[in-house]
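Residues per chain, in single letters:
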Amino acid sequence: MSDADRATIAHSIQMFQLGEHSEGRHLMRYAKAWAARTGDTAYPEAIRMLICEEQRHASVLGRFMEMNGIARIMRGSTDRIFWQARNMFGSLEISISVLATAEIIAKIYYPALRDATASIVLREICEQIHREEVAHVEFQTEQLAHIRAERPAYGIRATRILHRMLFYPTVIVVGWSHRKALRRASLSQWQFLSRCRREFLRDLAAMTPLK
């Protein structure tokens, strides 16, 4: 990385590297409970593979940071918010809704990070992670639609409202926290919020079961 890149995007990479790392113990427990209840025996293995892929994201970003003299961080404000929200109510639906929220934002963040750097290695990392996050969101939205299939219409409306209440404050915090990196990518915070919102509304529709 150039010195200019490091000065403006290093902290942003630190925060996302931390966010990508998760042991996924709670999520695996919820997935196994879902499988036992529904007979969907393939689901826990799919979740295990997803967790492994997220851990690989963290590992690849961590290795890049080591190559460029960027220290890892052990805690961050947005990471803590996501962790608490995922495990607050102890359910599969809440856990993957929060995870999908982070991944929807990541679909916009990683292309922006790619455009913020001249590093060929980091640009390729961003391309790969972006492709995989797109697939993760598709997987998560399909599962959420399945979970909500028997919910009445008023329950679906309430769920959509609650997800909006989670998403919009979160994306504002992320946009502000990563403003230097976004600015280097020639992306204003408003543009970032707008693109995230567009992705969110499309994916929110995919989470809604067909009646």
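Scroll up to find the structure.
Remember, it's a predicted structure, so these values are computed and weren't measured experimentally.

## So, the overall build of the protein
Phase 1 of the analysis: Helices and strands together make up the secondary structure of the protein, namely nine helices and zero strands.
Phase 2 of the analysis: Written out in order from the N terminus, the α and β elements of the protein read α-α-α-α-α-α-α-α-α.
Phase 3 of the analysis: For 211 residues, the compact-globule estimate of 2.2 N^0.38 gives 17 Å, and the protein sits close to it at 17 Å.
Phase 4 of the analysis: Its C-alpha atoms give the protein principal-axis dimensions of roughly 55 × 35 × 25 Å.
Phase 5 of the analysis: For the protein, with 211 residues in total, the buried portion stands at 47%.
Phase 6 of the analysis: Excluding contacts between residues fewer than 6 apart, the proportion of contacts in the protein whose partners are at least 24 apart in sequence is 79%.
Phase 7 of the analysis: As presented, the protein carries roughly 11,100 Å² of accessible surface, and 58% of it is formed by carbon and sulfur atoms.
Phase 8 of the analysis: In the protein, 30 side chains carry a positive charge and 22 a negative one; their mean positions are 6 Å apart.

## Comments concerning the pattern of salt bridges
Phase 1 of the analysis: Counting across every chain of the model gives 14 salt bridges.
Phase 2 of the analysis: D3 is the salt-bridge partner of R6, the closest N and O atoms lying 3.2 Å from each other. Residue R6 and its partner D3 are located together in helix α1 (residues 3-20), separated by three residues, close to a single helical turn.
Phase 3 of the analysis: If you follow the salt bridges from partner to partner, you end up with K107, E199, R202 and D203 in one network.

## Here's the deal with helix α3 (residues 43-67)
Phase 1 of the analysis: When the terminal C-alpha atoms of α3 are compared, their 36 Å separation across 25 residues agrees well with the 36 Å that a helix rising 1.5 Å per residue should span.
Phase 2 of the analysis: Every buried residue belonging to α3 is among Y43, P44, I47, L50, I51, E54, H57, A58, L61, G62, F64 and M65, and all of these are buried.
Phase 3 of the analysis: Buried-residue contacts for α3 involve α1, α2 (25-38), α5 (92-115) and α6 (120-147).
Phase 4 of the analysis: Positive phi appears at G69, one or two residues downstream of α3, with a value of about 65°.

What counts as what
Residues numbered from 1 in each chain as written. Predicted model: local features only at pLDDT ≥ 70, side-chain atom pairs only at ≥ 80, totals over all residues. Heavy atoms only, no water. Helix = DSSP H or I, 4+ residues; strand = E, 2+ residues; numbered from the N terminus. Rg over C-alpha atoms; globule rule 2.2 N^0.38 Å. Buried < 20%, exposed > 50% of the residue type's maximum accessible area, 1.4 Å probe, protein only. Contact = heavy atoms within 4.5 Å. Areas by Shrake-Rupley, 256 points an atom, 1.4 Å probe, with all protein chains shown as cover. Lys, Arg positive; Asp, Glu negative; His and termini not counted. Charge placed at Lys NZ, Arg CZ, Asp CG, Glu CD. Salt bridge = Lys/Arg side-chain N within 4 Å of Asp/Glu carboxyl O. Expected span 1.5 Å × (residues − 1).

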